[in-house]
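Below, each chain spelled out in residue letters.
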Amino acid sequence: MENMIWNKNKECMSREELRDLQGKRLHKLVDLVYHNTPFYRAKMQEMDLLPDDIRTIDDIVKLPFTTKADLRDNYPVGLLATPMSEIVRIHASSGTTGNPTIVGYTYRDLEIWKEVIARALTAYGVTRGDIVSVGYGYGLFTGGLGAHYGVEHLGATVLPTSTGNTEKHIRLLRDLGVKGIACTPSYALYLAEALHKQGLSADDLKLRIGAFGAEPWTENMRREIEERLGIQAYNIYGLSEIMGPGVAYECGCKNGSHIAEDHFYPEIIHPETGEVLPLGQEGELVLTTLTKTGMPLLRYRTKDLTTLMLGTCECGRTSVRFTRILGRSDDMLIIRGINVFPSQVENVILEMPEFAPRYMLVVDRKNNMDMLEVQVELRPDNFSDDLGGMLALKKRLAERLKSVLSISAEVKLVEPNSLPRSEGKSTRVIDKRVLA
């Protein structure tokens, strides 16, 4: 597996070496933000903390958390730790309410970003001789440009397809013999459907590797994508506030995502109390940017719910891994007092071969009671006029959902290809309680 490791010196460091490096980088980071970011200086002064109080990585628990609200409150560039003249690129999150989250990058930040993306691509099996199509959106969203420069840094050939014009995208995949693709999982399924409509199949392409992220997806969704596109599908994790894609990535073992721990320090906390939880307990992922200089963040609360795993992976990497993201704490729906994640519904749907991986959750309140409707597409071969058969299938899905979610849901079976498609991130939930 050694040939599938981009930077053996960093990805396979001993835990002792890594913790020593993290401690030195944390001290340097705290000194930087204390002297250059008024927001952090005020926070630390409130806590009677000085940079010299942070000496080892264990001291990180003394530091304050950072939230998305802090970024919005300091809009546009109040959290920069370097003069604007040293910022060479700006990205912004795709938030739909309030101020957008703006992130500034120095040249050094971009070099680090390219490096961690190259680590991810190498872990998937991409080599210098391959062509990789980047189907993430280009622009303020970090996915497109992040993956793009990582592919180039690796020495592979980048095909900057972005989103839109899927017909041309498929033609280029076929004619150029593209081996890898980076996009959202929902776009991968959209691509598979478009391929089928053109009378083509995975056998007509040379695609072998997919790097998917930017939205939650389940193991069942992975199997669906792999089967329909004839590829190996890998998770790539990132968020704009921390860097973008490449913060963590799977290897060929597919046993958790490796965090680039020399650059991003992970913790797991209780999402309500903020208490740091021991390894192996599920909670909210918190990340600190150990090497970023443009807009470094201390203990950023990602809202992503997962579990950390320690131990050398079969691939040889020694970094902490996290299990598949259960969901975001702010994506969690509370329906009649029960916590419901869209990923739970997706898992149930994809366990039943009659259904396509297309669904919509509609939450409403009627007579002061929360109601959940699950709209799900039937696969073409399972859509029929047999009313009895359709009712039996609907009942079976409703019973399975109730056993998993612990609440009753109204199931609505819809025709193939009738739910909205998106070439970017898919919308899975309509919460009419919020809209009312």
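Residues numbered from 1 in each chain as written. Predicted model: local features only at pLDDT ≥ 70, side-chain atom pairs only at ≥ 80, totals over all residues. Heavy atoms only, no water.

As a further point, take the domain arrangement of the chain. Partitioning the chain into domains gives domain 1 (1-330) and domain 2 (333-431). Computed over C-alpha atoms only, the centres of domain 1 and domain 2 are separated by 30 Å. Counting residues at the interface gives 24 residues for domain 1, matched by 17 residues for domain 2. Carbon and sulfur atoms make up 49% of the surface buried where domain 1 meets domain 2, a total of about 1,800 Å² over both sides. Among the residues of domain 1 in contact with domain 2, Tyr-190, Thr-218 and Asn-220 are the three that bury the most area, contributing 27% of the side total. Along the contact surface separating domain 1 from domain 2 lie two salt bridges. When the shortest N-O distance is used, the salt bridge between Glu-193 and Arg-358 registers 3.4 Å. In this assembly, domain 1 and domain 2 are joined by five residue pairs in polar contact (both at pLDDT 80 or more). Considering each element in turn, the side of domain 1 that touches domain 2 owes the most residues, five residues, to helix α8 (residues 185-197). A breakdown of the residues in the side of domain 1 that touches domain 2 according to their chemical character gives nine nonpolar, ten polar and five charged. (Domains from an automatic or database assignment. Contact = heavy atoms within 4.5 Å. Buried area = accessible area lost by both parts, 1.4 Å probe. Salt bridge = Lys/Arg side-chain N within 4 Å of Asp/Glu carboxyl O. Polar contact = N/O pair within 3.5 Å; in protein donor to acceptor, adjacent residues only side chain to side chain. Helix = DSSP H or I, 4+ residues; strand = E, 2+ residues; numbered from the N terminus. Nonpolar A, V, L, I, M, F, W, Y, C, P; charged D, E, K, R; others polar.)

On the surface, Val-77, Met-84 and Ile-90 cluster together into a nonpolar patch covering about 220 Å² of accessible area. Along the chain, Met-84 turns up in the loop between α4 (68-73) and β1 (87-92). (Patch = residues over 30% accessible without salt bridge, like charges linked within 9 Å, V, L, I, M, F, W, Y side chains within 5 Å. Areas by Shrake-Rupley, 256 points an atom, 1.4 Å probe, with all protein chains shown as cover.)

Overall, the coordinates contain seven aromatic pairs when judged by the stated rule. Between Tyr-105 and Trp-113 the ring centres are 5.1 Å apart and the planes differ by 10°, which places this aromatic pair in the stacked class. Both residues of the pair, Tyr-105 and Trp-113, count as buried. In this arrangement the basic side chain of Lys-254 is found over the ring face of Tyr-234, its NZ or CZ atom lying 5.1 Å from the centre. Above the face of the Phe-65 ring, Arg-301 is positioned so that its terminal group lies 5.7 Å from the ring centre. (Phe/Tyr/Trp six-rings, centres within 6.5 Å; stacked < 30°, edge-to-face > 60°. Buried < 20%, exposed > 50% of the residue type's maximum accessible area, 1.4 Å probe, protein only. Lys NZ or Arg CZ within 6 Å of the ring centre and 35° of its normal.)

What follows concerns the pairing of strand β7 (residues 232-239). Burial of β7 is extensive: six of the eight residues sit out of reach of the surface. Across four bridges, the pairing between β7 and strand β8 (residues 244-249) is antiparallel. Looking at β8, one finds that Gly-238 is bridged to Pro-245. (Pairing = 2+ DSSP bridges.)

Time to look at the side chain of Arg-299. As for its position among the elements, Arg-299 is in the loop between β11 (283-289) and β12 (300-306). Using a relative accessible area of 3% as the deciding quantity, one classes Arg-299 as buried. Looking at Arg-299, its side chain comes within polar contact range of the main-chain oxygen of Leu-63, at 2.9 Å. Setting aside anything within four residues of it in sequence, one finds Arg-299 in contact with Ile-60, Val-61, Leu-63, Pro-64, Phe-65, Thr-66, Glu-267, Val-276, Val-286, Leu-287 and Thr-288.

It is worth spelling out the packing of helix α7 (residues 166-176) against α8 at this point. In the contact formed by α7 and α8, the axes pass within 10 Å of each other and the chain directions differ by 80°. Taken as axis vectors, α7 and α8 run roughly perpendicular relative to one another. Across the interface between the two elements, Thr-166, His-169, Ile-170 and Leu-173 of α7 pack against Tyr-187, Tyr-190, Leu-191, Ala-194 and Leu-195 of α8. Counted by class, the contact of α7 with α8 contains seven nonpolar, two polar and no charged residues. (Axes fitted to C-alpha atoms, helices over the stretch in contact; angles between N-to-C directions. Parallel < 35°, antiparallel > 145°, perpendicular 65-115°, else oblique.)

On to the nonpolar core. By size, the foremost hydrophobic cluster in this structure holds 70 residues, and its most contacted members are Leu-26, Leu-63, Tyr-124, Tyr-237, Ile-242 and Phe-264. For this core, the element with the highest residue contribution is helix α5 (residues 107-124), accounting for ten residues. With residues near it in sequence (within four places) discarded, Tyr-237 still touches Gly-244, Pro-245, Gly-246, Val-247, Ala-248, Leu-285, Leu-287, Thr-302, Asp-304, Phe-322 and Ile-325. Among the nonpolar cores identified, the runner-up in size contains 25 residues, and Leu-159, Tyr-187, Ala-192 and Ile-225 belong to it. (Core = buried A, V, L, I, M, F, W, Y, C linked by side-chain atoms within 4.5 Å.)

Glancing now at the packing of helix α2 (residues 15-36) against helix α3 (residues 38-46). It is at 6 Å that the axes of α2 and α3 come closest, and there the two elements cross at 105°. It follows from the interaxial angle that α2 and α3 lie roughly perpendicular. Seen from α2, the contacting residues are Val-30, Val-33, Tyr-34, His-35 and Asn-36; seen from α3, they are Pro-38, Tyr-40, Arg-41, Met-44 and Gln-45. Per-class residue counts for the contact of α2 with α3 are six nonpolar, three polar and one charged.

Before going further, it helps to examine the sheet that holds strand β10 (residues 264-269). Spatially, four strands are ordered β10-β11-β12-β15 in an open sheet, and the strand pairing comes out antiparallel. Unpaired on one side and paired on the other, β10 and β15 (327-328) mark the two borders of the sheet. Of the strand pairs in this sheet, β11 and β12 are connected by four bridges, and their pairing is antiparallel. From the neighbouring strand, Leu-287 faces β12, where its bridge partner is Tyr-300.

Turning next to α2. Across its 22 residues, α2 extends 31 Å between first and last C-alpha, which sits within 8% of the 32 Å expected from 1.5 Å per residue. When we look at burial in α2, the residues that qualify are Leu-18, Leu-21, Gln-22, Gly-23, Leu-26, His-27, Leu-29, Val-30, Val-33 and Tyr-34. Buried positions along α2 lie against α3, β10 and β11. (Expected span 1.5 Å × (residues − 1).)

In spatial order, the strands read β4-β3-β5-β6-β7-β8-β9-β14-β13; together these nine strands make up an open sheet with mixed pairing. Across the chains shown, the open sheet's two edge strands, defined by having one partner strand only, are β4 (157-159) and β13 (308-309). In terms of strand pairing, β13 meets strand β14 (residues 321-322) through two bridges, oriented antiparallel. Bridging across to β14, Leu-308 finds its partner in Phe-322. Contacting β6 (209-212), β7 and β8, α5 runs over the sheet at an angle of about 50° to β8. Along the sheet face, helix α6 (residues 142-154) touches β3 (131-134), β4, β5 (180-183) and β8 and points at about 170° away from the line of β3.

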